[in-house]
Amino acid sequence: QKNGIHFKKFKLPPGSMGWPYVGETLQLYSEDPNIFFVTKQKRYGEIFKTHILGCPCVMLASPEAARFVLVTHAHLFKPTYPKSKERLIGPHALFFHRGGYHARLRRLVQNSLAPQTIKKLIPDIQGIAVSTLESWAASGQGVNTFYEMKKLSFDVGILSIFGHMERGFREMLEENYRKVDKGYNSFPTNIPGTAYQQAILARKRLNRILGEIISSRKEKRLLEKDMLGHFLSFKDENDKKLSDEQIADNIIGVLFAAQDTTASVITWVLKFLHDDPQLLEAVKAEQMAIYDTNNGGKMPLTWEQTRSMPLTHRVVMESLRMASIISFTFREAVVDVEYKGYLIPKGWKVMPLFRNIHHNPEFFPNPQEFDPSRFEQVAPKANTFMPFGNGVHACPGNELAKLEALILIHHLVTNFRWEVVSSKSGIQYGPFPVPQQGLPARFWKEPKQSQ
Ligand code: HEM
């Protein structure tokens, strides 16, 4: 009995637990995961049980249920990640935590990614976007768009954490982080030489490199306003500072949260624009008007300009919905929980299914159609649009991610053209959904007509 409620009287949600041990993992991973979810939802409704990756699990496919877990009853659930992944990122990273530690770190991260801070990064983000695009065009060859966008979002991540950084340090971070990234989705094992073990070694080297960066910053005694500056000047109510290890884990955590997510959304934007020439022309017209105001792109974009690109902004929103990069998330019940007469037992995982909600025709008519105009007049119904999550763990980097996408699109459509060079269509899960083969494409500079 808890809070006077007799949990015995509640039943488990409907659903099947599959085979002993393996549960329904094979079904989930042998088909498009969305088909698995949609089929289950059709059969059982907004809440159903299953058994995947060795854990009993309750999946939640309605906005109300997702809000219950992530917002109104968030204190009854904790974030949960496999230990092998936690080890690679670093156990002190904020997204593994809840309570006071999480709230304090979250405030720091949120402040360093707030609009008044990131608006100052615009000239540098533009510099990164332009030089990236120029290098693709100069190569004359096809590039793997997703892979290239990963480099771009990594550089923007570095910029938001460290401000301007010495090239030597940046290259060392990049080289080792790439190994961590590679090991993250590989099979966790203690066998030396495997991608996972290489990643563990690279993660140790990253600690040393970050330690050096932190010491050199401390020596300089400069109060920088970037994220590292926020971490270094933080003191809690007992005057306790963050340890170097806590800072390092959170830096790697932010880089991790920022990279593949932003890169895949921008890759999807390029795909959707490429597939709809009329829409591309309209986006181009919107961006050319800004380009002309800026004296043929000679003056840099301003924050206000990035806030008044209504069509381009809708394209980004619709790409976020269509692609639903974070298709779902995991939490774990810390006590027995009752939801609408069903029991979610303590220790079970719960999964709010963002993608199902984003693709439910009740909230988004013709959900398979890419239609930015759906965001034109009416905002989506409350809690139906959650590309950045919801509640205490919702994404603190959402404004930066959107800013990065808008800046890249501005420079891309005003100065370049591109064509997709692969005939394969469809989605590849790695584990984030990206267009097949990372959307191989060729970019070239568009000659401007003399006026
Ligand atoms: C389009 C790109 C992005 C998408 C779709 C995205 C999505 C999300 C989602 C859905 C969550 C919540 C996960 C959960 O509740 O389990 C989240 C959390 C987080 N994101 Fe993002 N994100 C993006 C970009 C970024 C960027 C650019 C940064 C930082 C520079 C960032 C930093 C974080 C952090 C630190 C958290 C953990 C917050 C917490 O636990 O309190 N993200 N993101």
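All values derive from a computational prediction rather than experimental measurement. (Residues numbered from 1 in each chain as written. Predicted model: local features only at pLDDT ≥ 70, side-chain atom pairs only at ≥ 80, totals over all residues. Heavy atoms only, no water.)

Q: Explain the overall build of the protein chain here, please?
A: Helix and strand counts for the protein chain come out as 17 helices and 12 strands. Here the protein chain has a C-alpha radius of gyration of 23 Å; the compact-globule value for 451 residues is 22 Å, and the two agree. A principal-axis box enclosing the C-alpha atoms of the protein chain has dimensions of 75 × 55 × 45 Å. Counting only residues that meet the buried cut, the protein chain has 53% of its 451 residues in that class. Pairs at least 24 residues apart make up 72% of the contacts formed inside the protein chain by residues separated by at least 6 positions. On the protein chain, roughly 21,800 Å² of surface is accessible, and the fraction owed to carbon and sulfur atoms is 54%. Taking the average location of the 57 positive side-chain charges in the protein chain and that of its 44 negative ones, the two points are 6 Å from each other. (Helix = DSSP H or I, 4+ residues; strand = E, 2+ residues; numbered from the N terminus. Rg over C-alpha atoms; globule rule 2.2 N^0.38 Å. Buried < 20%, exposed > 50% of the residue type's maximum accessible area, 1.4 Å probe, protein only. Contact = heavy atoms within 4.5 Å. Areas by Shrake-Rupley, 256 points an atom, 1.4 Å probe, with all protein chains shown as cover. Lys, Arg positive; Asp, Glu negative; His and termini not counted. Charge placed at Lys NZ, Arg CZ, Asp CG, Glu CD.)

Q: I'm lost on the UniProt feature "binding site: heme" (unreviewed entry) in the protein chain in this one. Help?
A: When the UniProt feature table is mapped onto this chain, "binding site: heme" (unreviewed entry) is found at C395. In this structure, C395 sits in the loop between α16 (354-358) and α17 (398-415). What makes C395 partly exposed here is its relative accessible area of 30%. (UniProt positions renumbered as here; feature names shortened; annotations may be inferred.)

Q: It is not clear to me how the pattern of salt bridges should be interpreted in this structure. Could you clarify?
A: Pairs can form between side chains of opposite charge whenever their charged atoms are close. Under the defined criterion, the tally for this structure stands at 22 salt bridges. With a closest N to O distance of 2.6 Å, K271 and D275 form a salt bridge. In this pair, K271 and D275 are both assigned in helix α12 (residues 244-275), four residues apart and thus about one turn of the helix distant. Linking K284 and E446 is a salt bridge whose minimum nitrogen-to-oxygen distance equals 3.0 Å. A residue pair is termed long-range when its members are at least 10 positions apart, and K284 in helix α13 (residues 277-293) and E446 in the segment after β12 (440-445) qualify at 162 residues. For K284, a relative accessible area of 14% corresponds to the buried category. (Salt bridge = Lys/Arg side-chain N within 4 Å of Asp/Glu carboxyl O.)

Q: Teacher, can you tell me more about helix α15 (residues 310-323) here?
A: Each full turn of the α-helix corresponds to 3.6 residues, which orients residues three or four apart in the same direction. Compared with an ideal rise of 1.5 Å per residue, which puts 14 residues at 20 Å, α15 spans 20 Å between its outermost C-alpha atoms and is within 8% of the ideal. Buried residues of α15: L311, T312, R314, V315, V316, M317, E318, S319, L320, R321, M322 and A323, and no others. The inward-facing, buried residues of α15 abut α12, α13, α16, α17 and β11 (433-435). Looking one or two residues beyond α15, the residue adopting positive phi is S324, at roughly 35°. (Expected span 1.5 Å × (residues − 1).)

Q: Can you walk me through the sheet that holds strand β2 (residues 55-60) in this structure?
A: Within a sheet, each strand pairs with its neighbour through backbone hydrogen bonds, oriented either parallel or antiparallel. Taken together, five strands build an open sheet; the order of strands is β1-β2-β8-β5-β3 and the sheet is mixed. Each edge of the open sheet carries a strand with a single partner, namely β1 (47-52) and β3 (77-79). Neighbouring strand axes in the sheet, compared pairwise and without regard to direction, differ in orientation by 35° on average. Bridging between β3 and strand β5 (residues 331-333) involves three bridges; their strand directions are antiparallel. In the sheet register, P79 faces β5, and the bridge partner there is R331. Contacts from helix α2 (residues 33-44) reach β1, β2 and β8 (349-352), with the element oriented near 135° to β1. (Pairing = 2+ DSSP bridges. Axes fitted to C-alpha atoms, helices over the stretch in contact; angles between N-to-C directions.)

Q: Help me out: how do you make sense of the site of the ligand in this one?
A: As a matter of local geometry, the ligand sits amid 24 residues, with H102, R106, T329, H393 and C395 nearest to it. The contact in question runs from an oxygen atom of the ligand to an N or O atom on the side chain of T329, over 2.5 Å. Here an oxygen atom of the ligand and a side-chain polar atom of H393 are 2.6 Å apart. Taken together, the elements giving at least two residues each to the shell around the ligand come down to α5 (99-112), α12 and α17. A per-element tally of the shell around the ligand places α12 first, with six residues. In terms of residue class, the shell around the ligand is made up of 15 nonpolar, seven polar and two charged. (Near = heavy atom within 4 Å. Polar contact = N/O pair within 3.5 Å; in protein donor to acceptor, adjacent residues only side chain to side chain. Nonpolar A, V, L, I, M, F, W, Y, C, P; charged D, E, K, R; others polar.)

Q: Looking at this structure, I do not really get the packing of helix α9 (residues 167-184) against helix α10 (residues 195-220). What am I missing?
A: Any two packed helices are characterised by how steeply their axes cross, that is the angle between the axes, and by the distance between the axes. Relative orientation of the contacting elements α9 and α10 amounts to 150°, with a least axis distance of 7 Å. By the angle class used here, α9 and α10 are roughly antiparallel. Here α9 runs over α10; the crossing is left-handed. Contacts between α9 and α10 involve F169, M172, L173, N176, Y177, K179, V180 and G183 from the first element and A195, Y196, A199, A202, R203, R205, L206, I209, L210, E212 and I213 from the second. When its residues are assigned to classes, the contact of α9 with α10 shows 13 nonpolar, two polar and four charged. (Parallel < 35°, antiparallel > 145°, perpendicular 65-115°, else oblique. Left-handed = near helix turned anticlockwise from the far one by under 90°.)

Q: For this particular structure, what's the right way to read the sheet that holds strand β4 (residues 143-144)?
A: In spatial order, the strands read β4-β12-β9; together these three strands make up an open sheet with antiparallel pairing. Strand pairing shows two members of the sheet lacking a second neighbour, β4 and β9 (416-420), which therefore form its edges. As defined by bridge partners, β4 adjoins β12 across two bridges and the pair is classed as antiparallel. Bridging from a neighbouring strand, V143 pairs with A441 of β12. The strands touched by α12 are β9 and β12; relative to β9, the strand with the most contacts, the crossing angle is about 85°.

Q: Can you walk me through the state of the cysteines in this structure?
A: By definition, a disulfide links the sulfur atoms of two cysteine residues through a covalent bond. Under the criterion given, the structure shown has zero disulfides. Here C57 is not cross-linked by a disulfide; its sulfur's nearest cysteine counterpart is in C55, at 7.6 Å. For C57, a relative accessible area of 0% translates into the label buried. (Disulfide = S-S within 2.5 Å.)

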